[in-house]
Amino acid sequence: MSHENLKNHSSPESGKDDMSFCAAQAEWQMRTLFDNVPGMVLRISTDSGTILCAAGSLLERMGFTAADFPMKTGTFMDRIHPEDAEAVTVLLGQMSGKRRKRRREFRLLLSKDEPIWVQAILSSSPDPSGAMMIDGYLHDITERMELERELKDQLKLQEQLFATIPVPLVIKDTNSRFLQVNQAFSDFVNIPMEKILGRGPYEVFSPELAEMVFREDADIFLTGRTELDLERRVKDGHGRWIWLKSYKGPLLDSRGDIVGLVGGNMDITAVKQSEEALRESEERWKFALEGAEAGVWDMSLGDGSIFFSSQWKRMFGYHGGDVPKTIAAFRELIHPEDLKGSLSSFSGYLEGKFSAYRCEFRLKKKDGSWCWVLSAGKAVRRDEEGRPVRVIGTHTDITERKKTERIIIHQATHDMLTDLPNRVLFVDRLGLAMAAASRSGTKLGVAFLDLDNFKTVNDIKGHQTGDHLLVMAAERFRGELRGSDTVARMGGDEFTFLFPLVGSLEDAEKAASRILRSLEAPFRIDGSSFSISASIGLCLFPDDGEDPETLMKRADMAMYEAKRQGKNTIRSWGRLQGTALIAELKRKG
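S.K.: What should I look at first to understand the sheet that holds strand 12 (residues 294–300) in this one?
M.R.: To summarise the sheet geometry, strands pair through backbone hydrogen bonds and adopt either a parallel or an antiparallel arrangement. Strand order in this open sheet of five strands is 13-12-16-15-14, and the pairing throughout is antiparallel. Because the sheet does not close on itself, it has two edges, and the strands there are strand 13 (305–308) and strand 14 (357–364). The mean inter-strand angle of the sheet, taken between neighbouring strand axes irrespective of direction, is 25°. As paired elements, strand 12 and strand 13 share four bridges and run antiparallel to each other. Paired with Met 299 across the two strands is Ile 306, which belongs to strand 13. Helix 13 (residues 399–413) rests against strand 14, strand 15 (370–382) and strand 16 (388–397) of the sheet, and its axis sits at about 120° to strand 15.

So this is what it looks like as structure tokens:
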């Protein structure tokens, strides 16, 4: 400022000008400050019901300017949301008579009727003239209110989820006091929810359980570690013993500090009971299998693996790396003659032809010997299409049973004295040989043999000597046969022969002649010598008959003709045609 100006300002008149200048400058600064306030400042005269002045960025958003003031309070009240207007009117009325400070949150309608939330901070006091004034500051809290609403919604949702989850849940503070529990927890301890909140473990649980829970809580507060697998057997509030699987973890604030913990409890009593029942069942199953001397196999069809139990390994002598680990390796232990049948049986089960798998075959033991096993199994898991993917079964050693069966079958089909096939087995082999001859277009011979004068040996030397003679004769007959031939004892001193694959009647007669010659050498029994002969009747298939009964009957009749003709000879049915015997037989029908 120049010296002249300073001089002018030092005069009385200049002093008044300076004061006006400073006041104007101060008013301009205040107006600029208030106009840039992020909200709105205002002064209300309660006596005149007028908003004397207002400033701030909120004015423009409402469509007002500072020039619109003074303004009737009612005009401004029209911009307050109808649901909030009454509450604001009551508030202003309460502040019009005395000094007060109040806060209020309500909605304002902007120029486009767009509502925003504001918080009003109001203070009432008299001005120098004694008139009551309300000074206020309004600021936009819409974003905060939205966040609070979202938070309330989340808390409400969490509260609803907390309440509806059917397992006991708790939230505790760092002193292990219950801050929140759900109805499931209340039911578990048999205490109303309102009587649980604010209490600690010792006021809710039994002393033993409370001590354990308190120690677990303290460890979580100390380490910050989450425990997910706490299993315990406890007595609930109803006096029932149950199994619980509990989990607990720390609650952290925004700074990462532990401010509490959250925990849950799952009733696993049913699971434990099922596990116990399964364990008992497995023990009974193991006892039954060991008692039955059965080994278990477990086959996975997906990857081709197979598992064998310890009992199985003991039964067949395998251990360690010797045990087959794949289905393919196991199949190598099945007897080659039984492999096709066993695979067919198993495939048939997998294809649904049988309700269960059951098959008998020979299995190679570790020492190289073969034993008969009964393999039985059933699918325990199937895929989406119902096809078996896992089959479990047992192997039972039936070697002794097979031996017994062979003995029984042998006794049922063989003569007890000579061990030759009996009538049953002979007729069976005859039927098979006839079928084979029909397919191949060949012939077969059937012979009946009766020892000559055998009754005399029995009568003179006794049945024991006669039995020895039959056994020795049977051995001579065996020595004259081909591998495909059969000799059988019909009973007494009668034998039958089967000669398959003969080309003609002459071939069959040659075979019968060998049988006769085998008896020419004397039989020595207990120091005595015996000479016997035989009469043989012979017939040919299909020339002399097309069924076993006819063939055997005609061979028998031919044999009697051989005896009638002097014994120690052979008579063929085909060569008897046109003889007196045939005529007599036809006459007798």
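S.K.: What is the right way to look at the packing of aromatic side chains in this model?
M.R.: Ring pairs (aromatic) are described by centroid distance and by the angle formed between their planes. For the structure on display, the rule yields 15 aromatic pairs. Each ring, one from Tyr 202 and one from Phe 214, has its centre 6.0 Å from the other, and the planes form 50°; the classification is tilted. Of this pair, Tyr 202 sits in the loop between helix 7 (183–189) and helix 8 (207–223) while Phe 214 sits in helix 8; the two residues are twelve residues apart in sequence, bridging distant segments of the chain. Taking the relative accessible area as the measure of exposure, Phe 214 reaches 35% and is therefore partly exposed.

S.K.: It is not clear to me how the pairing of strand 18 (residues 486–491) should be interpreted in this structure. Could you clarify?
M.R.: It is a general feature of regular strands that their side chains alternate between the two faces of the sheet. When you tally the buried positions in strand 18, you get five out of six residues, the bulk of the element. In terms of strand pairing, strand 18 meets strand 19 (residues 494–502) through five bridges, oriented antiparallel. Across the sheet, the residue bridging to Val 487 is Phe 497, located in strand 19. Linking two consecutive strands that pair antiparallel, namely strand 18 and strand 19, is a turn of two residues; a positive phi of about 60° is found at Gly 492 within it.

S.K.: Even after reading the chapter, I still don't get a nonpolar patch on the surface, so can you show me in this structure?
M.R.: Side chains of Leu 157, Leu 161 and Ile 165 sit close together on the surface and give an oily, nonpolar patch of about 250 Å² of accessible area. Summarising the element assignment, Leu 157 is placed in helix 6 (residues 142–164).

S.K.: What is the right way to look at the pattern of salt bridges in this model?
M.R.: Between side chains of opposite charge, a pair can form as their charged atoms come close. This model, assessed by the stated rule, comprises 43 salt bridges. A salt bridge links Lys 248 to Glu 216, with the nearest nitrogen and oxygen atoms 3.0 Å apart. Of this pair, Lys 248 sits in strand 10 (residues 241–252) while Glu 216 sits in helix 8; the two residues are 32 residues apart in sequence, bridging distant segments of the chain. For Glu 216, a relative accessible area of 16% gives the class buried. Asp 415 serves as the salt-bridge partner of Arg 489, at 3.1 Å between the closest nitrogen and oxygen. In this pair, Arg 489 sits in strand 18 while Asp 415 sits in the loop between helix 13 and helix 14 (423–440), placing the two residues 74 residues apart along the sequence. Of the two residues, Arg 489 and Asp 415, neither departs from the other in class, the shared state being buried. Taken together, the shared-partner salt bridges in this structure form one network comprising Lys 172, Glu 216, Asp 217, Arg 232 and Lys 248.

S.K.: Explain the nonpolar core to me, please; I cannot follow it from the model alone.
M.R.: Side chains that are nonpolar tend, in soluble globular proteins, to be buried together. Core analysis: the largest hydrophobic core is formed by 33 residues, its most contacted members being Leu 449, Leu 451, Phe 477, Phe 495, Phe 497 and Ile 536. Looking at this core, the elements with two or more residues in it are strand 17 (443–451), helix 15 (454–461), helix 16 (463–479), strand 19, helix 17 (505–517), strand 20 (523–525) and strand 22 (534–541). Residue contributions to this core peak at six residues, all from helix 17. With residues up to four places along the chain from it excluded, the contact list for Leu 451 reads Leu 470, Phe 477, Asp 493, Phe 495, Leu 519, Ile 532, Ser 533, Ala 534 and Lys 563. Leu 42, Ile 44, Phe 64 and Leu 138 belong to the second-largest nonpolar core, a separate cluster that totals 28 residues.

S.K.: So what exactly am I meant to see when it comes to the sheet that holds strand 3 (residues 71–72) here?
M.R.: Reading across the sheet, the six strands line up as 3-2-1-6-5-4 and stay open at both edges, with antiparallel pairing between neighbours. With one partner strand each, in any of the chains shown, strand 3 and strand 4 (100–109) form the two edges of the open sheet. The pairing of strand 1 (residues 40–45) with strand 2 (residues 50–55) spans five bridges and is antiparallel. Bridge pairing in strand 2 links Val 41 to Ala 55. The strands touched by helix 5 (residues 82–95) within the sheet are strand 1, strand 4, strand 5 (115–126) and strand 6 (132–140), with strand 4 carrying the most contacts at an inclination of about 160°.

Each value, and the rule that gives it
Residues numbered from 1 in each chain as written. Predicted model: local features only at pLDDT ≥ 70, side-chain atom pairs only at ≥ 80, totals over all residues. Heavy atoms only, no water. Pairing = 2+ DSSP bridges. Helix = DSSP H or I, 4+ residues; strand = E, 2+ residues; numbered from the N terminus. Axes fitted to C-alpha atoms, helices over the stretch in contact; angles between N-to-C directions. Contact = heavy atoms within 4.5 Å. Phe/Tyr/Trp six-rings, centres within 6.5 Å; stacked < 30°, edge-to-face > 60°. Buried < 20%, exposed > 50% of the residue type's maximum accessible area, 1.4 Å probe, protein only. Patch = residues over 30% accessible without salt bridge, like charges linked within 9 Å, V, L, I, M, F, W, Y side chains within 5 Å. Areas by Shrake-Rupley, 256 points an atom, 1.4 Å probe, with all protein chains shown as cover. Salt bridge = Lys/Arg side-chain N within 4 Å of Asp/Glu carboxyl O. Core = buried A, V, L, I, M, F, W, Y, C linked by side-chain atoms within 4.5 Å.

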